[in-house]
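Chains, contacts and geometry: an overview
Next come the chains, spelled out residue by residue.
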Amino acid sequence: MEDDDCPELVPIEPQPDSDEKQIPVTIITGYLGAGKTTLLNYILTEQHNKRIAVILNEFGEGSALEKSLAVSQAGELYEEWLELRNGCLCCSVKDNGLKAIENLMEKKGKFDYILLETTGLADPGAVASMFWVDAELGSDIYLDGIVTVIDAKYGLQQLAEEKADGLVNEAARQIAVADLTIINKTDLVSVEELSHVRDTVRSINGLVKIVETQRSRVDLAEVLDLHSFDSKNGVNLAEKLQLDQPARPHLDKSILTVTFNVTGDVSEDALNVFIQDLLWEKLMCNKEGRPMTVIRLKGIVALAGKANQVMLQGVHELYELNETPQMWDGNPRLNRLVFIGRNLDKDILMEKFISSVMTNAQT
Ligand SMILES: Nc1nc2c(ncn2[C@@H]2O[C@H](COP(=O)(O)OP(=O)(O)OP(=O)(O)O)[C@@H](O)[C@H]2O)c(=O)[nH]1
Ligand SMILES: [Zn+2]
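Looking at an unreviewed UniProt entry, the protein carries the name COBW domain-containing protein 2-like, with the source organism given as Gouania willdenowi. The Catalytic activity (unreviewed entry) field of the UniProt record for the protein holds the comment "GTP + H2O = GDP + phosphate + H(+)".

Structure, rendered in structure tokens:
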């Protein structure tokens, strides 16, 4: 190597060695008492032939952690691990860092799967972006999906709580960012109440998969290995981007899903500016002049000069554009965008997209 500038920025090549297989991490979130721990316990006791590590993320809030796990060891990042009969592992990570998990793997050997339970008030988008960024840096771990548990009985009430200073309601944020929602405690509600909860979840996140449970008993195949962020699953994403139902009209404070399709080529540079203006600069406003807040962003775009479909993924303030193996071939170059967030105005977003990003729009 002649040029030795910035060697630390060189991407790490994946090792052919199967030892280096990346380990999926699923984030389990949900409001206080929704059934997250019940879900984790259920997963850990189910037959699955996987060595699963469960990590409880405390966020240093002094939350009510299960006592057996919260054995404090000053100066240690992870506190206490419990080894379960089926080879699974359970521990509590004090620091929200990935480093703690990597340290744990060094000590205990690799797992097949990691489940991370966030506290009820955590912003799962922030936790997710932590794992997502690190994947780029050659981490052993990749983000598989975000699962949000909802209390069928109290979920609607939690969603209706108004936050001071116009902050986004945490329960709504947790649904907005989810790949899968589990509506739990269905034993406590009537069929009508349950359907109201389901409709509300759907109106917030038009893409999310919904399952309904008692005691969080869910088919593991629905929860694990979702590959929600892989560009390898470009085809899968294209399918997912077909919304089940159109979003309903809303109170302007609430979170909702906005989606549009435009055929034509997209300029990559202009697209980056568009996304950054939206996610970082918060430059786009709705008709009432309120800034749009995007919590989750997904799409398939046709970048000018590229034969392959490109996947767009955004969580929180992070986003990525990745080429998928899927070619456009003879198919129309249809850009499909999905935005989940607050104060979103479809017409304004679409107009801005067409005028600033498209090189040859046909609507
Ligand atoms: N009736 C009923 N109760 C349930 C169900 N699932 C869980 N529970 C109970 O609800 C309570 C809260 O469940 P957890 O699994 O601890 O909820 P959590 O989301 O982990 O709670 P935090 O960690 O405190 O935010 C417990 O008493 C559970 O036994 C269910 O389907 N029906
Ligand atoms: Zn819990």
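**So, the nonpolar core**
Ile27, Ile114, Leu116, Phe131, Leu143 and Ile255 are the most contacted members of the largest nonpolar core, which totals 47 residues. The element that contributes the greatest number of residues to this core is helix 3 (residues 124-136), accounting for 5 residues. Core analysis: the next-biggest nonpolar cluster, separate from the first, contains 26 residues, Val262, Ile275, Leu349 and Val357 among them.

**Structural notes on the pattern of salt bridges**
Per the counting criterion, the structure on display carries 10 salt bridges. The salt bridge involving Asp179 is made with Lys298; its shortest N-O contact spans 3.5 Å. Remark: Lys298 occurs in strand 10 (residues 293-301) and Asp179 occurs in the loop between helix 5 (170-176) and strand 7 (180-184); sequence separation between them is 119 residues. Each member of the pair Asp179 and Lys298 is classed as buried. Here Asp345 ties to Lys287 by a salt bridge, and the two come within 2.8 Å at their closest N and O atoms. Within this pair, whereas Asp345 is found in the loop between strand 13 (334-342) and helix 10 (346-356), its partner Lys287 is found in the loop between helix 9 (268-279) and strand 10, the two being separated by 58 residues in sequence. Where salt bridges share partners, they join Asp179, Arg296 and Lys298 into one cluster.

**What about the sheet that holds strand 10?**
Spatially, 5 strands are ordered 9-13-10-11-12 in an open sheet, and the strand pairing comes out antiparallel. The open sheet has two edge strands, strand 9 (255-263) and strand 12 (318-327), and neither has a second partner. Ignoring strand direction, the axes of neighbouring strands in this sheet form an average angle of 15 degrees. With 7 bridges joining them, strand 11 (residues 308-315) and strand 12 adopt antiparallel strand pairing. What sits directly across from Leu312, in strand 12, is Leu321. Where helix 6 (residues 191-204) meets the sheet, its contacts fall on strand 9 and strand 13, and the angle it forms with strand 9 comes to roughly 50 degrees. Against the sheet, helix 10 engages strand 9 and strand 13, with an angle of about 35 degrees to strand 9.

Quick notes on the rules
- Residues numbered from 1 in each chain as written.
- Chains lettered and ligands numbered in written order.
- Predicted model: local features only at pLDDT ≥ 70, side-chain atom pairs only at ≥ 80, totals over all residues.
- Heavy atoms only, no water.
- UniProt positions renumbered as here; feature names shortened; annotations may be inferred.
- Core = buried A, V, L, I, M, F, W, Y, C linked by side-chain atoms within 4.5 Å.
- Buried < 20%, exposed > 50% of the residue type's maximum accessible area, 1.4 Å probe, protein only.
- Helix = DSSP H or I, 4+ residues; strand = E, 2+ residues; numbered from the N terminus.
- Salt bridge = Lys/Arg side-chain N within 4 Å of Asp/Glu carboxyl O.
- Pairing = 2+ DSSP bridges.
- Axes fitted to C-alpha atoms, helices over the stretch in contact; angles between N-to-C directions.
- Contact = heavy atoms within 4.5 Å.

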